[in-house]
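Structural overview
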Amino acid sequence: ALVHHDQGRFGKDESEWLYAIDVYDAQKTDDPAARDIKAKCYNNLAMLCELDGRFKMAETDYNKALSIWRQLVDDNPKWPSYRRSLALCHNNLGVLFARQERWQEAERAHNQARDIRQRLAETHAEVPVYQNELASSYNNLGHLYHDTDRVQEAKASYVQAIETCQPIARAFPAVTLFSSNLAASYNNHGALCMATEKYKAALASFHQARDTFSRLASNHTDVPAFRAHTAGVHDNLGFVYQKQKQF
C-alpha cells in the first residue's frame, strides 16, 4: 500500500475544520502559527474528502494548504517545520493523483516531496524522522514506478528506501515507526522481485521483512497491525515457495 498521509492526522468532522478556517479568516492575521494551523485544517479537510471519494474537492483543499505552506517557507526559510509540512502536502497530492491514475502529476508531486525531504535530511541529520519521511517518499515513488511498469526505477527507489531506513532503525530500535517502515520497504522490494520472477531476491527481502515485523509483534503485543503485517509477509513467502515448488 502507498505510504499515505504520514503526518497531519485528523480527528474532527468536516464542519469543525470549516469552522476553524472561518475563525482564522476572521482574525485577518499574518501570524505564521495561525497560518500554519489554517493550512493543516485544509490538509485535514482534503484527507477527509479523499476518504469519501470527493477527489476534486480534496485536490482543491490540498492546493490551498500547499499555497499557505509554500508562502510560509518563503517567509520563514529557517523554520524546517514549514518545509516538512510542505513536503507532506506534496506527498498527499501525489497519493491522490496516483489513486486516479494521473501518473505524471503523481510523479511530479512525489518528486517535489522527495526533494524537500532530502534537503531536510541532509541539513538536519540529527533529526531521524526526516530520514524516515524521505524513505516514505522513496517507497511512494517505488509504488508509482511499479504501477507504471518501470521496473528498474521501482527497484532503485525501494533500495533507496531500505538504505535510508536501515541506519535510523538500528540507531533507534525503540522507535517502532522506523523499524516498521524498514520492514515495509523490504516487503515492497520483495513484492517487486516476486512480480518480476526474481524469486531468490524476493525471498531475501521477505525474510528481512518477516523478521523485523515478527520482532515488532513480539515486543508490542498491544499493536495488532504488527501481527497482521507479519502474516502478510508469511503469505508472500508462501507464494514464492509455491512458485519455486518448495513445499
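The structure contained in this document is the topic of the report that follows. The structure presented is a predicted model; accordingly, all values stated were derived computationally and were not measured.

Cut-offs used in this document
- Residue positions are given per chain, counting from 1 as you read along its sequence in written order.
- Confidence filtering applies because this is a predicted model: local features only for residues at pLDDT of at least 70, side-chain atom pairs given and counted only at 80 or more, and all residues used for totals across whole chains, interfaces and linings.
- Hydrogen atoms and water are omitted, and side-chain values are computed over all heavy atoms in the structure.
- Going along the chain from the N terminus, every DSSP run of H or I of four or more residues is numbered as a helix, and every run of E of two or more is numbered as a strand.
- The buried label applies to any residue whose accessible area, calculated with a 1.4 Å probe on protein chains only, is under 20% of its type's maximum; exposed applies above 50%, and partly exposed to all values in between.
- Note on geometry: axes are C-alpha line fits, over the in-contact stretch for helices, and angles between N-to-C directions span 0 to 180 degrees.
- Throughout this description, any angle smaller than 35 degrees is read as roughly parallel, any larger than 145 degrees as roughly antiparallel, any in the 65 to 115 degree range as roughly perpendicular, and the remainder as oblique.
- Left-handed describes a crossing whose near helix is turned anticlockwise from the far helix through less than a right angle; right-handed describes the clockwise counterpart.
- For this analysis, residues touch if any pair of their heavy atoms sits within 4.5 Å.
- Each residue receives one of three labels: charged for Asp, Glu, Lys and Arg, nonpolar for Ala, Val, Leu, Ile, Met, Phe, Trp, Tyr, Cys and Pro, and polar for the others, Gly being one of them.
- Working definition: a ring pair exists when centres of Phe, Tyr or Trp rings (six-membered ring for Trp) sit within 6.5 Å. Plane angles under 30 degrees give stacked, over 60 give edge-to-face, the rest tilted.
- We call a set of buried residues a nonpolar core when its members are Ala, Val, Leu, Ile, Met, Phe, Trp, Tyr or Cys and they connect through side-chain atoms within 4.5 Å of each other.
- Within this document, salt bridges are pairs made up of a side-chain nitrogen of Lys or Arg and a carboxyl oxygen of Asp or Glu, the two lying within 4 Å of each other.
- Working rule for helices: expected span equals 1.5 Å times residues minus one.
- Two axes enter the definition of the bend at a residue: one is fitted to the seven residues ending there, the other to the seven starting there, and the bend is the angle between them.
- Every definition here rests on a 1 Å grid over the protein atoms only: cavities are sets of points where a 1.4 Å probe fits but cannot get out, pockets are open sets enclosed by protein on both sides within 12 Å along at least five of seven lines, and lining residues have some atom within 4 Å of a point.
- Grid points are joined across faces, edges and corners, and a volume is the space filled by probe spheres set on the points.

Here's the deal with unusual backbone geometry
Backbone geometry at D149 places phi at a positive 60 degrees, although glycine is not the residue there. Mapped onto the fold, D149 is located in the loop between helix 6 (128–147) and helix 7 (151–171). Here D149 falls in the exposed class, since its relative accessible area comes to 66%. The residue E197 is not glycine, and still its phi comes out positive at about 65 degrees. Following the sequence through the fold, E197 ends up in the loop between helix 8 (176–195) and helix 9 (199–219). The class for E197 is exposed, based on a relative accessible area of 58%.

So, the packing of helix 6 against helix 7
At a closest axis distance of 8 Å, the pairing of helix 6 and helix 7 adopts a crossing angle of 165 degrees. Our classification of the angle between helix 6 and helix 7 gives roughly antiparallel. Where helix 6 crosses over helix 7, the two elements pack in a sense that is left-handed. For the pair helix 6 and helix 7, the contacting residues are P128, Q131, N132, L134, A135, Y138, N139, L141, G142, H143, Y145 and H146 in the first and E153, A154, S157, Y158, Q160, A161, T164, C165 and I168 in the second. A per-class count over the contact of helix 6 with helix 7 returns eleven nonpolar, nine polar and one charged.

A few points about the packing of aromatic side chains
Tallied over the entire structure, the rule returns two aromatic pairs. Plain terms: the ring middles of W79 and Y82 are 5.6 Å apart, the flat faces sit at 10 degrees to each other, and that makes the pair stacked. Note on W79: relative accessible area 49%, which makes it partly exposed. Using a relative accessible area of 5% as the deciding quantity, one classes Y82 as buried.

Concerning the nonpolar core
Core analysis: the biggest nonpolar cluster contains 42 residues, and A58, Y62, A65, W69, L86, C89 and L93 have the highest contact counts within it. Among the elements of the structure, helix 1 (14–27), helix 2 (32–51), helix 3 (55–75), helix 4 (80–99), helix 5 (103–123), helix 6 and helix 7 are those that each provide at least two residues to this core. Among residues more than four places away in sequence, those in contact with W69 are D36, A39, K40, N43, S85, L86, L88 and C89. Counting 23 residues, the second-largest nonpolar core is a separate cluster that includes A169, Y199, A209 and F226.

A few points about the pattern of salt bridges
Enumeration according to the criterion identifies eleven salt bridges in this entry. We note a salt bridge from E133 to R84, for which the minimum N-O separation is 2.5 Å. Taken as a pair, E133 in helix 6 and R84 in helix 4 lie far apart in primary sequence, 49 residues in all. According to the relative accessible area criterion, E133 is buried, its value standing at 4%. Accessibility expressed as a relative area gives 23% for R84, which makes it partly exposed.

Focus: helix 7
When the terminal C-alpha atoms of helix 7 are compared, their 31 Å separation across 21 residues agrees well with the 30 Å that a helix rising 1.5 Å per residue should span. Where helix 7 bends most, the angle comes to about 30 degrees, and this point is C165, followed within four residues by the proline P167. Considered for burial, the residues of helix 7 that qualify are A154, S157, Y158, A161, I162, T164, C165, Q166, I168 and A169. Looking at the buried positions of helix 7, the neighbouring elements they touch are helix 6 and helix 8.

Details of the layout of surface pockets
A water-sized probe, rolled over the atoms, reveals where empty space remains. Space inside the second largest pocket adds up to approximately 250 Å³. Where the lining of the second largest pocket is concerned, the elements lending two or more residues are helix 7, helix 8 and helix 9. With five residues, the top contributor of residues to the lining of the second largest pocket is helix 9. When the residues that make up the lining of the second largest pocket are grouped by side-chain class, the tally is five nonpolar, six polar and two charged.

In short, geometric facts, not functional conclusions.
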